[in-house]
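Fold and geometry: a report
So you can see what is in the structure, the chains are spelled out below.
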Amino acid sequence: MKRYFHVATLVAAAGFAGLMVWMGPAQAQAPIPGKGAPPAAKGAPNAGKGAPRPIGMEDGLTYFQTKCMSCHAEQKAKATTARKIREMTAEQIYAVIAKPSRPEHDQGLTDPQKQRLAEFMGGYTPLGAVAAGNPSSFANRCPSNPALSDPFQAAAWSGWGADASNTRSQTAEAAGITAAQVPNLKLKWAFGFPKGITAWGQPAIAAGRVYVGADTGWVYSLDAKTGCVYWGYQSSNAMRPAISIGPVTGRGSSKYAIYFGDSKGNAYAVDAQNGELLWKKKMEDFFLARITGAPKLYNGKIYVPVSSSEEWQSGNPDYECCTSRGSVVALDASTGTQLWKTYVMEDPKPTKKNPNGVQLYGPAGGSVWNSPTIDPVRNAI
């Protein structure tokens, strides 16, 4: 069997997330940064036997809406708005709400609850992930970073669906493996995301490299044969969608870029060779906007689907629901310039007040969760 990169699967366990790669036949594994699950943080929920379920980041939104929204709502703005808070890191938010000198932030929350609130509002990023995920301290740094060859001259996978039609399949020739050979694959190497809890997005594979990110906010370029790390880019926010790779023009020496979105509604283009940021654009001002579907790269444009986290708490009687609107944004892939934006829903208007006296809005919603499919014949997505 040829030594092509064959299958990549994201895996997650308690306190650990990582990438496992199968090749055939098996060879010596590369060092594994962040090997094993990190110990439970002091005071962390579910650290002992018989404890209740771990407090998840989705609980952080509940805490913010029920304990903090009355002061930080956009419409009231008695204090820093929720939108501004979402621009802070989890560490910055936690440092503020955990201060004994700021009793107004206590609100009866335990320290683990404050941690989850900070992680959610900070972009779903686990506390401590920014420092822990820096590849400068990894044992398996690649000894060099050779020039990137044409990503599409050999076996490759870009984006969620691998092509404009989102077929999510390839020919045996394009993949370098047949369906009958899949049962013969063996573990080649594994890569752990330090402080990672959940890994959602599938990697892009091109030019002998793997591009992958996780909820830590870090996006890495790995060698597909050994798992060594070429570089890491820190977006500060959880990265959920699949990554796409394609050419860029007019960006100096940059020839190829990787494209992805984050949990705060930002879209990125990062140099595929060295991990340098080419552009970063905010897709939506709404404070709970996020990108969960993979941006679609096609013909020099990147089409970004926009969703939100508002649906999680739409039944909360203390929340002014609902004002989020799903949309699709078209950007120039080389510059990030917005070409157009289309909302799924019309602009929400005040409707009535609920029994708690909280103003409600509508119509709203219509989050675009999926990666767009391109129809070049009809010039439509």
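Residues numbered from 1 in each chain as written. Predicted model: local features only at pLDDT ≥ 70, side-chain atom pairs only at ≥ 80, totals over all residues. Heavy atoms only, no water.

**So, the nonpolar core**
Going by this rule: What we call a nonpolar core is a set of buried Ala, Val, Leu, Ile, Met, Phe, Trp, Tyr and Cys residues that are connected through their side-chain atoms within 4.5 Å. Partly exposed describes any residue whose relative accessible area lies between the buried limit of under 20% and the exposed limit of over 50%, with all areas from a 1.4 Å probe on protein chains only and scaled to the type maximum.
One finds Phe64, Leu117, Met121 and Phe287 to be the most contacted residues of the largest nonpolar core, which totals 38 residues. Counting residues in each nonpolar core, the second largest holds 20 residues, with Ala156, Trp231, Tyr233 and Tyr268 among its members.

**Here we look at the packing of aromatic side chains**
Put simply, the test is: Stacked, edge-to-face and tilted are the three classes for Phe, Tyr and Trp ring pairs, Trp counted by its six-membered ring, which pair at centre distances within 6.5 Å; planes under 30 degrees apart are stacked, over 60 edge-to-face, the rest tilted. Numbered from the N terminus, helices here are DSSP runs of H or I no shorter than four residues, and strands are runs of E no shorter than two.
Within this structure, the stated rule accounts for 14 aromatic pairs. Relative to Tyr220, the ring of Phe138 lies with its centre 5.9 Å away and its plane at 40 degrees, an arrangement referred to as tilted. Taken as a pair, Phe138 in the loop between helix H5 (129-132) and helix H6 (172-175) and Tyr220 in strand E6 (residues 218-223) lie far apart in primary sequence, 82 residues in all. Centroid distance Tyr303 to Trp340: 6.0 Å. Interplanar angle 45 degrees. Geometry classified as tilted. You can see Tyr303 sitting in strand E14 (residues 301-308) and its partner Trp340 sitting in strand E16 (residues 338-343), a full 37 residues away along the chain. Taking the relative accessible area as the measure of exposure, Trp340 reaches 35% and is therefore partly exposed.

**So, helix H4 (residues 111-121)**
Buried residues dominate H4, accounting for 10 of its 11 residues. Of the residues making up H4, those classed as buried are Pro112, Gln113, Lys114, Gln115, Arg116, Leu117, Ala118, Glu119, Phe120 and Met121.

**Section: the environment of Lys281**
Spelled out, the test is: Note on contacts: a residue pair is in contact if any heavy atoms of the two residues lie within 4.5 Å.
Summarising the element assignment, Lys281 is placed in strand E11 (residues 277-282). Judged by its relative accessible area of 31%, Lys281 is partly exposed. Between the C-alpha atom of Lys281 and that of Ala267, which follows or precedes it by 14 residues, the distance is 5.3 Å. Lys281 has contacts with Gly265, Asn266, Ala267, Thr335 and Gly336, leaving out every residue within four places of it along the chain.

**Quick word on the state of the cysteines**
Inclusion rule: Here, two cysteine sulfur atoms that lie within 2.5 Å of each other are counted as a disulfide.
Scanning the model with the defined rule gives two disulfides in all. The disulfide bridge from Cys142 ends at Cys228, spanning 1.9 Å between sulfur atoms. Around the S-S axis, the bridge from Cys142 to Cys228 shows a dihedral of about 95 degrees and counts as right-handed. Residue Cys142 is located in the loop between H5 and H6, and its partner Cys228 is located in the loop between E6 and strand E7 (229-234); the two are separated by 86 residues in the primary sequence. Taking relative accessible area as the criterion, Cys228 reaches 11% and is therefore assigned buried. Put simply, Cys321 and Cys322 are joined by a disulfide, and their sulfur atoms are 1.4 Å apart. Each bonded cysteine of the protein gets a number by its place in the sequence, and the pairs then read 1-2, 3-4.

**So, helix H3 (residues 90-97)**
Filter applied, for reference: Note: the arc covers the axis-to-C-beta directions of the helix.
Residues of H3 that are buried: Ala90, Ile93 and Ile97. For H3, the buried positions fall inside an angular range of 70 degrees around the axis, keeping them on one side. Residues of H3 that are buried make contact with helix H2 (82-85) and H4.

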